[in-house]
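As a plain string of letters, each chain reads:
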Amino acid sequence: MTSRLRDLIERAVKGESPAQKALYDEFVGKVHRLAVRMVGGSDAADVTQQTFVKMFRGLGSFQGSASFSTWLYRIAVNECLQHRRRERRPTQALPAELLDKSNGSLRSLEAADLVQQALSKLDEKLRAIFLLREVEGLSYEQIAEVLGIPTGTVGSQLNRARAELRGYLQRQMGE
Amino acid sequence: MTCAECESLLDLFADGELAPERKQALSDHLAGCSQCAEKLAGIRALGDAVRQLPVPVVTADLWERIAKDLGTPAIAGKVRPKRTADWLRVASVAALVLIAVYTGWLAFGPGPRRNHQPEVVDLSPMLEKGIPVNFNAGDEFKFVAAPLDQAKQQVTFRVFDQPQLTEGYTAQQCRVGCCGPRAIVQTEYRRDQDHCVMFQYPRDLPVSFGVAATEQAKVGNKSVNLVQGKACWAASWQVNGTGITIVGPRDRDELLRMVAKVDQSFERKTP
């Protein structure tokens, strides 16, 4: 952990709003990106909001044994999973109008939509593992720490997630 | 290396998790096998496709919503005024915030929750006055009685399930508050007139002890949050997938011995 981050955390625990805002600014992109992939674009802001509220409320108990981002990811994933259970509805695929049309042909927009659909079909825990690895760049050990599962399980679950994603995409593209 | 061996290692290779000695063997195989090389390319292409998915911009008012939930000024630069409540009250409420969160959840159910604030139930009397002889949190929390050996079957996290705690403390009753990964197990231990209550819950539930209200203690290599009330002590810590809070002992050292016993029990268990 950098001294700057440690300082921000200490000040945020004391309730200093500028430090809280700085922590938010530094990590909101990661949390929001994960939330969009996990619960869909329409609910991602709510999940991100709840994640940061819980993070700040629990910041006093953060002991620094894990990295701060790993700890925050743990809260975020848990919030995504809870959100899904509360809402009891499948992840909404990103609406086409939210896709970046500035540099994408219709073909690429369709491809992006297909990938998002494939993700939304994936079991939510498999999806979390896949996203933490492929998008957030966490190591197996960090993912195991976030999800509270053995490191060996991360590898086997990643393999399964990729196989299911590939299978879905192949079926869709074969139609 | 055969293609089957290669395929079983491709994910590890793509993720940079393969041991160096096997990495070289796999690289050699990939250099001469177009089929396996194609499969590796497929794994990488999948990751590339997901990384390239666009993400909607974070709404401009999100920080304001968070700051409002936290009760802090939305405009960065102002420092939240110090609370006037005495530290003990703040500590005792915060120490049991996990109970408050669960109570809110149990009482109102998992409904829509935009800007939802969990109801805070002030359990500071437990720290300020001790646990009453006729302690019964069942009505308050809507818990359901369950023997210790059955309680652990109803939750997804590991549970300390021994009937004996330390120095004569014996489990009297155990209750489980609702279900699955959001459950909480509450066990009351008694020794003559002395009571303590242990709460066990998923570790990912953030537990706040406020700012100046807690003391960090080391039990073995484990860091434990301690709170001293007028009547008793409380300790909270995490072990593997479980968060644990014990409230009730009047003696700090006795509480730390409880923590050590519970923690060692968890460490001995295989996941």
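Up top is the structure.
Described below are features of the structure shown in this document. (Residues numbered from 1 in each chain as written. Chains lettered and ligands numbered in written order. Predicted model: local features only at pLDDT ≥ 70, side-chain atom pairs only at ≥ 80, totals over all residues. Heavy atoms only, no water.)

**Here's the deal with unusual backbone geometry**
Residue and element names in this part refer to chain B.
Alright, step 1. In this model, Glu 167 sits at a positive phi of 50°, which is unusual for a non-glycine residue.
Alright, step 2. By secondary structure assignment, the location of Glu 167 is in the loop between helix 9 (148-151) and strand 2 (170-177).
Alright, step 3. Residue class for Glu 167 comes out partly exposed when judged on its relative accessible area of 39%. (Helix = DSSP H or I, 4+ residues; strand = E, 2+ residues; numbered from the N terminus. Buried < 20%, exposed > 50% of the residue type's maximum accessible area, 1.4 Å probe, protein only.)

**So, the pairing of strand 7 (residues 233-239) of chain B**
Residue and element names in this part refer to chain B.
Alright, step 1. Burial analysis of strand 7 places 6 of its 7 residues in the buried class, which makes it a mostly covered element.
Alright, step 2. In this structure, strand 6 (residues 222-228) lies alongside strand 7, joined through 4 bridges in antiparallel fashion. Bridging from a neighbouring strand, Gln 228 pairs with Trp 233 of strand 7.
Alright, step 3. Here strand 7 runs beside strand 8 (residues 242-247); their pairing, made up of 6 bridges, is antiparallel. Counterpart to Trp 237 in the pairing with strand 8 is Ile 244.
Alright, step 4. Counted along the chain from strand 7 to the antiparallel partner strand 8, the turn is 2 residues long, and its residue Asn 240 has a positive phi close to 50°. (Pairing = 2+ DSSP bridges.)

**Things to note about the packing of aromatic side chains**
Alright, step 1. The tally for this structure, following the rule as stated, stands at 6 aromatic pairs over all chains.
Alright, step 2. With a centroid separation of 5.1 Å and an interplanar angle of 40°, the aromatic rings of Tyr24(A) and Trp63(B) are classed as tilted. Residue Tyr24(A) is found in helix 2 (residues 17-39), and its partner Trp63(B) is found in helix 4 (residues 62-70); the two belong to separate chains. Taken as a pair, Tyr24(A) and Trp63(B) share a single burial class, namely buried.
Alright, step 3. Here the aromatic residues Tyr24(A), Phe52(A), Phe56(A) and Trp63(B) are joined through ring pairs into a cluster of three or more. (Phe/Tyr/Trp six-rings, centres within 6.5 Å; stacked < 30°, edge-to-face > 60°.)

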